[in-house]
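Each chain is listed here by its residues.
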Amino acid sequence: MTSKISRRHFLALTGATAAASMFSGFPVFAQAEKVLRIGSNNWPAHLDFANQAGPSNVGRRFSSLMYDALLIFDRQGALVPQLATKWVNDGLEWRFTLREGVEFHDGTTMTADDVVYSLRRLLDPAGDQQGVGSYGTSLTRYIADVAKTGDLEIVITTTQPDPLMLFRMATHFAPIVPQAATEALGDAGMQTAPIAAGPYKVVEYGADRMVLEKHEGYWGGVPAADQVIVRLIPEDATRVGALQAGEIDVALNLPVDQIETIDGAADLGVKSIPLFNYMSVLMNTVNGPLTDVNVRRAMSLSIDRQAIVDQLWGGRSRAMDDYLLPNVPGYDAAAGNVRFDLEEARAALAASSYSGEEIVFNPVANYYSNSELPTQVIAQMWTDLGLNVTYSPMDLQSYFQGYLAGQLTCNIQSFDVYGDGMFLYQNFMANAPIPLYRPNYFVPSAEFDSIVEGVQTKFSLDERAADMRQLNRYFAENVPTAPIYQTVEIVGVRDGINLEADPLFQINLRPDSFSM
Amino acid sequence: MKVLVSSLRRTFLTILGVLTLTFFLARFSGDPVALLISQASTGGEYAAMRAQLGLDQPVIVQYVIYLANIAQGNFGNSITYSRPALEIVAARIPATLELTLPSLILSGLIGFPLGVVSAYRRGSWLDLLTMRLSLALQSLPQFFVGIGLILIFGVHFRWLPTFGRDGFLNLILPIITLTIYPLAIIIRITRNAVLDEIGAPYVRTAHGKGLRPARIIGVHTIPNALIPVITVLGLQVAGILSGAAIIETVFAWPGIGSLSLEAVGGRDYPIIQTVVLLSAAAFVTTNIMVDLLYVLVDPRIRLS
């Protein structure tokens, strides 16, 4: 947005300025407040992210505005220190050295007691209002106890050797909060005006508006914007319009069909990044027309993933070529676990028992961003292969009902895979936290179970990679899922604001990631 | 007195019917716990959460508890926000009234005179223009109108804000969007009603008696034409309330309309039920007021 100042305006302005400075005695040319205005498509039910409910990514997106944890993932997915500076593992014990002089929003300094309190708070079922068990169980099921061992040192004792503890501590479900302030605020207070150690402090949180002020004492430096205002603008067209009209500086979750409009505007730009998450087709291997593995194989082989990425995502996504993402131990594109090969697909279909049975494809509608077109194209690719596909999107609730009852044949789901393949494969294990896949959709072999069981306690990256390659191959042979593309975060940003889309879906306004 | 009692009984039965329908429709439409629970939660937690929310009881037991609670003014806690549903809905009511009341008033204040003029100037260019325009406006989806207004006045000219509830200027576009549909209906209904009256024998008699045309219109025609208009205006309350759900979402307006859409998405039963109950109450109240207005407008009508 360019504002025009005419000669007359200028004279009036300077006159007024001179007059004002004569009378007020204060310098008028004080530095203007830097305000960052963000338009979001969705809204967190509350701000106590340790207790955040719901299957969506809403919490994760806002948590890093106000919370810091012991560690954080960087943009490449590597773990880097945040409130902990060092850590060492000794079997069942993870020992963390804490950062010195970390200031909370209320001005108090972080102690080992605060950290112990914060992590125990996650373990306390009474503190968990929604009964969700904060990522829960995957975060806390391995923790036996947390104890202070020094002024700036704590030890997490695990129930079994846990090589993934660092990853768990880096999720948005493990924020560090001050004990005294949290106890004084209570759960209700933490839900609307949390006190924590992140770069911004919440000063207002309402139904459609959240105002945050910079945390002057932030350990990582003073944040660039003095104030951040987040507004809920659920309708895509309105959010894009507000960005174009100059009413907001950042529009989250930009629809793909708006990329060109925003990119073409003189003062706006589009930032995008593939997330540590991918979209997959999930197939029912237990009941219905997809019980024959050859049909599932034919379906996976017939999906031209690169075409979807190029045509529908403008090349901003990445076609999946394995069950894991690059940089994760065990990822191996050369293994050919996930690929497009029409000849082979036709051969697999010919070898199958398939004889024209109806295959109902139920992608969930209006949930995964920008997934409507890709699923339509996938359905068409299957039809072209010779399958009798009925494309029938479902709304989230009916989908969940049908899904949990084991009634669906074929749908889509996204999987988080950051750091380690277990974040994917734990969903399929025998004692999976919630029975989303077994027994209704896929019951893996005893061999799968024993590899998963073993890998949970292995620290050696080479050993983990070898195990993961076996699991990937097992999935490639049985095709319970067909990975399609890495999901993408796309944001529209005003020029002059240096904010990158984040692969973990966060709005990261820490001084090292954001300036304006 | 008797009339009042029967009217209250009817109101009570209507609201009870609405409550019952909403309760069962919501219950049969999906499981909120499946949405709230994260993928990593245990089956045990799932069961515990259902129990905590009272969803493990038989539906009929839930229904009785629900009615008993409402009778005591307890609408339950929102499943999403874990706070009293009534408190959350009540906080949003002013925002919705800011849009719906002006919309209702404007559609009457503008629509009625336009309809009267159209009728008296039947066939004129003014009549044709008004009728064409109202037909066109009535046919446009509100969603489309809202986005169009945002693009023209917010994005292109930058005269008005595109979203949010920050001040007086923010009201203009949503109110225009919300007013268009009832306005078009009021214009057409008024025009037809006035045309019916113009041709009625009593108007011809009045002309024959040599009364001034202005007096015929003001004292005889318009009061009679008002009756169907008031009826339709009353019915439009429901239309405006449901329109508000769409308009509020388009303009990111934090009223009960956008809240109810969110609540339906999240299967937040207590919120849905509270919103529906309040909307039903508003609708029923409007109808009672319409009945009372009849008496004022036309002395021949008695409440009995």
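In this text the structure is predicted, and so the values were computed from the model without any measurement. (Residues numbered from 1 in each chain as written. Chains lettered and ligands numbered in written order. Predicted model: local features only at pLDDT ≥ 70, side-chain atom pairs only at ≥ 80, totals over all residues. Heavy atoms only, no water.)

### Section: the overall build of chain B
For chain B, the count of helices and strands is 12 helices and 0 strands. For chain B, with 304 residues in total, the buried portion stands at 43%. Restricting the contact set of chain B to residue pairs at least 6 apart, pairs at least 24 apart contribute 75%. As displayed, chain B has an accessible area near 15100 Å², and 71% of this comes from carbon and sulfur atoms. (Helix = DSSP H or I, 4+ residues; strand = E, 2+ residues; numbered from the N terminus. Buried < 20%, exposed > 50% of the residue type's maximum accessible area, 1.4 Å probe, protein only. Contact = heavy atoms within 4.5 Å. Areas by Shrake-Rupley, 256 points an atom, 1.4 Å probe, with all protein chains shown as cover.)

### Things to note about the nonpolar core
Residues and elements named next belong to chain A. Formed by 120 residues in total, the largest nonpolar core has its most connected members in Leu70 and Tyr425. Here the element with the most residues in this core is strand β12 (residues 268–283); it accounts for 8 residues. Look past the residues within four positions of Leu70 in its chain and what remains in contact with it is Pro81, Gln82, Leu83, Ala84, Phe96, Leu98, Val115, Leu119, Met169 and Ile176. The next biggest cluster of nonpolar side chains, apart from the first, holds 33 residues, and it includes Leu65, Val202, Ala225 and Ile507. (Core = buried A, V, L, I, M, F, W, Y, C linked by side-chain atoms within 4.5 Å.)

### Notes on unusual backbone geometry
Cis peptide bonds are those with omega within 30 degrees of zero, and the linkage from A:Arg438 to A:Pro439 qualifies with 0 degrees. Examined against the element boundaries, A:Pro439 turns out to sit in the loop between α14 (422–425) and α15 (446–455). Despite not being glycine, A:Asn253 shows a phi value in the positive range, around 55 degrees. Along the polypeptide, A:Asn253 turns up in the loop between β11 (250–251) and α8 (259–264). Accessibility expressed as a relative area gives 13% for A:Asn253, which makes it buried. Its identity is not glycine, yet B:Ala252 carries a phi of approximately 50 degrees, on the positive side. Mapped onto the fold, B:Ala252 is located in the loop between α10 (213–250) and α11 (256–265).

### Points about the sheet that holds strand β4 (residues 84–90) of chain A
Residues and elements named next belong to chain A. Read across the sheet, 4 strands follow the order β4-β5-β7-β6 without closing on themselves; strand pairing throughout is antiparallel. What marks the edges here is a single partner per strand, and that holds for β4 and β6 (143–150). Ignoring which end each strand starts from, the neighbouring axes of this sheet average 20 degrees apart. Pairing of β6 with strand β7 (residues 153–158), which is carried by 6 bridges, proceeds in the antiparallel orientation. Of the residues in β7, the one forming a bridge with Ala147 is Val155. (Pairing = 2+ DSSP bridges. Axes fitted to C-alpha atoms, helices over the stretch in contact; angles between N-to-C directions.)

### Side note on the confidence of the model for chain B
Residue and element names in this part refer to chain B. Mean pLDDT for chain B: 84, with 89% of residues reaching 70 or above. Mean pLDDT across the secondary structure elements of chain B bottoms out at helix α2 (residues 32–36), with 57, and peaks at helix α7 (residues 142–156), with 94. This model gives residues 37–43 a pLDDT under 50, and the stretch forms 26 contacts once residues within four places in sequence are excluded. Reported for the predicted complex are a pTM of 0.85 and an ipTM of 0.80. (pLDDT = per-residue confidence, 0-100.)

### A short note on the packing of aromatic side chains
One pair of aromatic rings is described through two measures. These are the centre distance and the angle between the planes. Residue and element names in this part refer to chain A. Applying the stated criterion across every chain, the model contains 34 aromatic pairs over all chains. Residues Tyr399 and Tyr403 carry aromatic rings whose centres are separated by 5.8 Å and whose planes lie at 25 degrees to one another, so their mutual orientation is stacked. One end of the pair, Tyr399, and the other, Tyr403, are both in helix α13 (residues 396–404), 4 residues apart, so they sit about a helical turn from each other. Comparing Tyr399 with Tyr403 shows no difference in burial state: the two are buried. With a centroid separation of 6.1 Å and an interplanar angle of 45 degrees, the aromatic rings of Phe415 and Phe428 are classed as tilted. Residue Phe415 is found in strand β16 (residues 410–416), and its partner Phe428 is found in the loop between α14 and α15; the two are separated by 13 residues along the sequence. By relative accessible area, Phe415 is classed as buried at 2%. We classify Phe428 as buried; its relative accessible area is 0%. Each member of the aromatic cluster is reached from another via a ring pair, and the members are Tyr278, Tyr323, Phe415, Tyr425, Phe428, Tyr437, Phe442, Phe448, Tyr474 and Phe475. The ring of Phe505 has Arg61 sitting right over it, with the charged end atom 4.2 Å from the ring centre. (Phe/Tyr/Trp six-rings, centres within 6.5 Å; stacked < 30°, edge-to-face > 60°. Lys NZ or Arg CZ within 6 Å of the ring centre and 35° of its normal.)

### Observations regarding helix α3 (residues 112–123) of chain A
All names here are of chain A. Counted at 1.5 Å a residue, the expected span for α3 with its 12 residues is 16 Å, and the 17 Å between its end C-alpha atoms agrees. Along α3, 9 of the 12 residues are buried, which leaves the element largely enclosed by surrounding structure. Of the residues making up α3, those classed as buried are Ala112, Asp114, Val115, Val116, Tyr117, Ser118, Leu119, Arg121 and Leu122. (Expected span 1.5 Å × (residues − 1).)

### Here's the deal with α11(B)
Residue pairs spaced three or four apart in an α-helix point in one direction, given the helix's 3.6 residues per turn. Residues of α11(B) that are buried include every one of B:Ile256, B:Gly257, B:Ser258, B:Leu259, B:Ser260 and B:Ala263, and no others. On its buried side, α11(B) packs onto α5 (85–120), α10 and α12 (269–297) of chain B.

### Digging into the side chain of B:Asn170
Residue and element names in this part refer to chain B. Inspection of the secondary structure assignment puts Asn170 in helix α8 (residues 168–198). Judged by relative accessible area, Asn170 falls into the buried class, the value being 8%. There is a polar contact of 2.8 Å between the side chain of Asn170 and the backbone oxygen of Phe163. Separated by 2.9 Å, the side chain of Asn170 and the backbone oxygen of Gly164 make a polar contact. Sequence-distant contacts of Asn170, that is, excluding residues within four places in its chain, are made with Pro161, Phe163, Gly164, Arg165 and Trp253. (Polar contact = N/O pair within 3.5 Å; in protein donor to acceptor, adjacent residues only side chain to side chain.)

### Notes on the environment of A:Gly217
As for its placement among the helices and strands, A:Gly217 is situated in the loop between β9 (209–214) and β10 (227–232). As a C-alpha pair, A:Gly217 and A:Pro199 span 18 residues in sequence and 8.6 Å in three-dimensional space.

### Points about the pattern of salt bridges
All names here are of chain A. Tallied over the entire structure, the rule returns 29 salt bridges over all chains. In this structure, the salt-bridge partner of Asp48 is Arg121, at a minimum N-O distance of 2.5 Å. Residue Asp48 is located in the loop between β1 (35–40) and α2 (58–66), and its partner Arg121 is located in helix α3; the two are separated by 73 residues in the primary sequence. Arg121 shares its class with Asp48; the two are buried. The shortest N-O distance in the salt bridge between Asp249 and Arg494 comes to 3.4 Å. Of this pair, Asp249 sits in the loop between α7 (236–244) and β11 while Arg494 sits in strand β17 (residues 481–494), and the two are 245 residues apart along the sequence. Taking the relative accessible area as the measure of exposure, Arg494 reaches 11% and is therefore buried. One network of salt bridges, in which partners are shared, links Arg37, Asp249, Asp267 and Arg494. (Salt bridge = Lys/Arg side-chain N within 4 Å of Asp/Glu carboxyl O.)

### Details of a nonpolar patch on the surface
Residues and elements named next belong to chain B. On the surface, Leu97, Leu101, Ile105, Leu106, Leu109, Ile110 and Leu114 cluster together to form a nonpolar patch covering roughly 580 Å² of accessible area. Within the secondary structure layout, Leu97 lies in helix α5. The class for Leu97 is partly exposed, based on a relative accessible area of 40%. (Patch = residues over 30% accessible without salt bridge, like charges linked within 9 Å, V, L, I, M, F, W, Y side chains within 5 Å.)

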